[in-house]
There are 2 protein chains.
Amino acid sequence: MNYYQQHQKQFVEGLTAFLRIPSISTLSEHKPDIQRAAEFVREELLTAGMTAAELIQGKGNPLVYAEWLGAPGKPTLLFYGHYDVQPPDPLDEWKSPPFEPQIRGNDIFARGACDDKGQTYLQIKAVEGLLKTTGKLPVNVKFLIEGEEESGGEHIEAYVKSKPPRLKADAAVICDTEMFAPDLPTICVGLRGIVYGELFVEGANHDLHSGVYGGAAPNPIQAIAEIVCALKDREGRIRIPGFSDRVVPPTAKEREAWARLPFNEKEFTEKEMGARALVGEPGVPLFDRLWGRPTLEVHGIRGGFIGEGAKTVIPARAVAKISTRLVADQRTEEAAAQLKAAIQAACPKGVTAEFKVLHAGAPSLTNPDNRFIHAAAEAMKQVFGKETVYIRSGGSIPIVGVFDQSLGIPSVMMGFGLPDDNLHAPNEKFHLPNFFRGIESVARYLELLGG
Amino acid sequence: MNYYQQHQKQFVEGLTAFLRIPSISTLSEHKPDIQRAAEFVREELLTAGMTAAELIQGKGNPLVYAEWLGAPGKPTLLFYGHYDVQPPDPLDEWKSPPFEPQIRGNDIFARGACDDKGQTYLQIKAVEGLLKTTGKLPVNVKFLIEGEEESGGEHIEAYVKSKPPRLKADAAVICDTEMFAPDLPTICVGLRGIVYGELFVEGANHDLHSGVYGGAAPNPIQAIAEIVCALKDREGRIRIPGFSDRVVPPTAKEREAWARLPFNEKEFTEKEMGARALVGEPGVPLFDRLWGRPTLEVHGIRGGFIGEGAKTVIPARAVAKISTRLVADQRTEEAAAQLKAAIQAACPKGVTAEFKVLHAGAPSLTNPDNRFIHAAAEAMKQVFGKETVYIRSGGSIPIVGVFDQSLGIPSVMMGFGLPDDNLHAPNEKFHLPNFFRGIESVARYLELLGG
């Protein structure tokens, strides 16, 4: 039994302590928890044997930095993760409280278990194992862990874009994606970008009685419905002029590889998603829709009377949270401008509409033919005992584009989540066997790169 | 100075006490306030000199009944009003708290000031004045005051439909409408009906990550937008098959009278409504749109993440409160069935939609050529010093249809509200001069009918 197998109990205890901190970055009342989570990460890095561990303060939540540079002549890896989490609501759908981690079967349930505390923590534990057992690392390692990934904060982006010398590295390593299937080692080579904002619509300057004014009064909720339907049609096609012009379709080779992935559509639909049917652009293959096409989604909406019973009011205003996911080579600023223009064009008479961007991140697409990705695929293959597959993800990790553009380094996305881990949803979990194999995969990766 | 002029201060004090009771019928936590408001009305009726005052219990909020039957051979009037009020939200838009009445200028501000506590109370005070000064009334009078008008409760409907002998009367008198313009005595001869309900839409059985599933997951908010846009087009035309087949257009004579009403569209739009522009069916005159055409409005909507910041979730469900106003000769059950069928037809793939009716009421249209309406017009003319006009209202008072069908009596709708009284909205008010003239108009009405 090696060090990693001997310390599984301690790893789970440490992760549990991390998960107990409700570090929800999008809710300002959790600022103290954000601070606690950052401190927790810094202390774990020190315990692991990393040096120069510190909190980098700036506009937004602190970044956690640490380094170990005792392998001159060897490559330098920059590990990335995030210690912040999504809000847990709807709370009443959790089987155990979101910030009181509970192990059921082989899974640990808590907000952030997989996204991304579990996957951040496994990087630290991989390094810790090598340092505790051999006193050194096979390559040079830096950590940069952020606390605004779930809220679209720009602290890390501003910091990386300032190109501080200590961030110099040969590749970034990101554990924030998922495996295509249980036991199937997976590397993600493409991510969607995002433009996320709030649509404010205003009609009259006060709520109006729907009997007295109905038939002549502008209704902001109806206007949001009009706008949303103009942006995307019933079939799921985005109708924003020019929006898809830059979209690069997947290559034939990539599509063939996707078609070979082990996949049961019925199980995906009914078990994983809990849905009645898949929807989306007619004639476009599913993995294209999930990974290679832009989306437009309404994440939340509120307007008028939403209490118990009936109130016959035409509300003065309504608001919706809307995002669009982008794919290579769409540009965030151009896409945001196109979206805003389409909203104005669709805005009905009698109301005003304003779309305020909350955050944005570029899409990314990595060429997998480099030594950093090859070694990662080999490491995962050795630990999992299966050939590693390459996929894309429909999600967004904006830092990948920033690492590329500002530091000139590729990102290696080794993901250990599972498709049913309920990211951003109630009952988020992390599969503990993957937590342990993730730690070993990262350690093996460092050995292969340094050897 | 007559009795009514001498007692204006006491009338305002009494109304203030009535308005302090937050008798919101649609919110169940206000049940005790409903009870207090009913008791308050009963005591006021006794103080006025009415007899047999009692609370009628049943399924729902209590009805208040009282009678004075000392004028054999004279007609019998049934006074109707309601002691319940709309919810006050949005609270932060009130200049003074909704249940702490405040007089500013000639207006008293409070939830229910006009709709309908002020107008219910003025009926009681009219009767009180005659009884205190002459010891009798010129006609027989009954009161039936309900507590579920704003929540669509069916207690009064069930009670009236049971045709209790004590409700026998020659006409009903309803003070729950408004004057067309300040100082312009007005009788309302038509009301819209209503079907009000909640639209529940469900997609997946749990919230989904919009990155991972966006492009293939059904979105219930988008589905509500699709449904709402299918029910009513951008221009305001209802698109429910068969829905308008029974709509009887206003007569040429009625339209001519409406066209003569003193009306400033710019002031109506900008000052009264606080809107940028009027909307609605192209080519249909404004008063037709407000009084003579059915409507479809979304009163409230909720779904997904509506907290601070960003959450990239595709929600499992969303809900909207939707009503349609009906006009003669539409039937509520038929209209509800047509609406439900149109919702099913418009429901996109991957979601289920269910519309649950919360309440419904038939439209009404009264022929003004009867002695009860003639006397009311004359009484108001004498008190206000101007010719009384006949209008319709776009609002709904379902009991009018029930009085017609179950008791076989016409309803006389003498309204003393003003167009800018902010019914169902923040800063509801009642114009005190109209409160006083309303009391005198009702008293004069009784004298004219009995004389």
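Residues numbered from 1 in each chain as written. Chains lettered and ligands numbered in written order. Predicted model: local features only at pLDDT ≥ 70, side-chain atom pairs only at ≥ 80, totals over all residues.

### Let's talk about the overall build of chain A
In terms of helices and strands, chain A carries 14 helices and 18 strands. Taken over the C-alpha trace, chain A has a radius of gyration of 23 Å; the compact-globule value for 451 residues is 22 Å, and the two agree within 12%. For chain A, with 451 residues in total, the buried portion stands at 59%. Partitioning the intrachain contacts of chain A with sequence separation of at least 6 by distance along the chain shows that 80% fall at a separation of at least 24. (Helix = DSSP H or I, 4+ residues; strand = E, 2+ residues; numbered from the N terminus. Rg over C-alpha atoms; globule rule 2.2 N^0.38 Å. Buried ≥ 20, exposed ≤ 12 C-beta atoms within 10 Å, placed from the backbone. Contact = placed C-beta atoms within 7 Å.)

### Let's talk about the sheet that holds strand β9 (residues 193-202) of chain B
Here 8 strands make up an open sheet; going across it, the order is β14(A)-β9(A)-β13(A)-β11(A)-β11(B)-β13(B)-β9(B)-β14(B) and the pairing antiparallel. At either end of the open sheet lies a strand with only one pairing partner, and these are β14 (352-361) of chain A together with β14 (352-361) of chain B. Ignoring which end each strand starts from, the neighbouring axes of this sheet average 25° apart. The sheet contact formed by β9(B) and β14(B) spans 9 bridges and is antiparallel. Counterpart to G197(B) in the pairing with β14(B) is V357(B). (Pairing = 2+ DSSP bridges. Axes fitted to C-alpha atoms, helices over the stretch in contact; angles between N-to-C directions.)

### Quick notes on the domain arrangement of chain A
Residues and elements named next belong to chain A. Here chain A is partitioned into domain 1 (3-191 + 363-450) and domain 2 (193-245 + 292-361). One C-alpha centre belongs to domain 1, the other to domain 2, and the line joining them spans 35 Å. Each partner contributes residues to the interface: domain 1 has 10 residues there, and domain 2 has 12 residues. (Domains from an automatic or database assignment.)

### So, unusual backbone geometry
Residue and element names in this part refer to chain A. Cis peptide bonds are those with omega within 30 degrees of zero, and the linkage from D115 to D116 qualifies with 0°. With respect to the helices, strands and loops of the structure, D116 is situated in the loop between β5 (107-109) and α4 (117-134). With an omega of 0°, the peptide bond running from A328 to D329 counts as cis. Position of D329 among the secondary structure elements: in the loop between β13 (317-326) and α11 (332-346). Even without being a glycine, K163 presents a positive backbone phi close to 50°. Inspection of the secondary structure assignment puts K163 in the loop between α5 (155-161) and β7 (171-174). With 11 C-beta atoms packed within 10 Å, K163 lands in the exposed category.

### Let's talk about the interface of chain A and chain B
Accessible area lost during the coming together of the parts is what is often quoted as the interface size. Contact residues are listed per partner, giving 82 residues for chain A and 82 residues for chain B. If you list the elements that add at least two residues to the side of chain A that touches chain B, you get β10 (208-209), α6 (210-213), α7 (220-231), α10 (286-292), β11 (295-304), β12 (313-314), β13 and β14 of chain A. In terms of residue count, β11(A) provides more of the side of chain A that touches chain B than any other element does, 9 residues in total. Class assignment for the residues of the side of chain A that touches chain B results in 33 nonpolar, 33 polar and 16 charged. As paired elements, β11(A) and strand β11 (residues 295-304) of chain B share 5 bridges and run antiparallel to each other. Pairing of G303(A) across the sheet is with I301(B), part of β11(B). (Nonpolar A, V, L, I, M, F, W, Y, C, P; charged D, E, K, R; others polar.)

### Some thoughts on the nonpolar core
A376(A) and V412(A) are the most contacted members of the largest nonpolar core, which totals 106 residues. Filtering out sequence-adjacent residues up to four positions away, A376(A) remains in contact with I187(A), V412(A), M414(A) and Y445(A). (Core = buried A, V, L, I, M, F, W, Y, C linked by C-beta atoms within 7 Å.)

### With respect to the relation of the copies chain A and chain B
In the superposition of chain A on chain B (RMSD 0.0 Å, axial shift 0.0 Å), the rotation amounts to 180°. Between the two chains, the operation in question is that of a two-fold axis. When the interface residues of chain A are mapped onto chain B, 100% of them again lie at the interface, so the same face is used by both copies. (Least-squares fit on C-alpha atoms with pLDDT ≥ 70 in both.)

### Observations concerning the packing of helix α12 (residues 371-384) of chain A against helix α14 (residues 432-450) of chain A
The description of two packed helices rests on the angle between their axes and on the distance between the axes. Residues and elements named next belong to chain A. α14 packs onto α12 with a crossing angle of 130° between their chain directions and a minimal axis gap of 8 Å. By the angle between their directions, the pair α12 and α14 is classed as oblique. Here α12 runs over α14; the crossing is right-handed. In contact with A375, A376, E378, A379, M380, Q382, V383 and F384 of α12, α14 contributes R437, E440, S441, R444, Y445, L448 and L449. The residue inventory of the contact of α12 with α14, partitioned by class, reads 9 nonpolar, 2 polar and 4 charged. (Parallel < 35°, antiparallel > 145°, perpendicular 65-115°, else oblique. Left-handed = near helix turned anticlockwise from the far one by under 90°.)

### Quick notes on the environment of L191(B)
Locating L191(B) in the fold gives a position in strand β8 (residues 186-191). When the C-alpha positions of L191(B) and I391(B) are compared, they lie 9.6 Å apart, and in sequence the two are 200 residues distant.

### Here we look at the sheet that holds strand β4 (residues 102-104) of chain A
All names here are of chain A. In space, the 3 strands of this open sheet follow the order β4-β5-β18, with antiparallel pairing throughout. Of all strands in the sheet, those with a lone pairing partner are β4 and β18 (429-431), marking the two edges. Going across the sheet, the axis of each strand differs from the next one's by a mean of 25°, ignoring polarity. Where β4 meets β5, 3 bridges bridge the pair, whose relative direction is antiparallel. Residue pairing across strands places I103 opposite I108, the latter belonging to β5. Each of β5 and β18 is contacted by α14, which is oriented at about 60° to β18, the strand it contacts most.

### Some words on the pairing of strand β2 (residues 63-68) of chain B
Residue and element names in this part refer to chain B. Taking burial as the measure, the 6 residues of β2 include 6 buried ones, the bulk of the element. Burial along β2 is two-sided: the face carrying L63, Y65 and E67 and the face carrying V64, A66 and W68 are both buried. The pairing of strand β1 (residues 51-56) with β2 spans 4 bridges and is antiparallel. Counted as the bridge partner of E54 is Y65 from β2. Hairpin remark: β1 followed by β2, antiparallel, with 6 residues in the connecting loop; positive phi at G60, about 120°. Across 5 bridges, the pairing between β2 and strand β6 (residues 140-146) is antiparallel. Looking at the pairing, E67 lines up with K142 of β6.

### Some thoughts on the environment of F79(A)
Residue and element names in this part refer to chain A. Its location among the elements puts F79 in strand β3 (residues 76-82). C-alpha of F79 to C-alpha of S162: the two residues are 83 residues apart in sequence and 18 Å apart in space. F79 has contacts with Q123, V141, K142, F143 and V173, leaving out every residue within four places of it along the chain.

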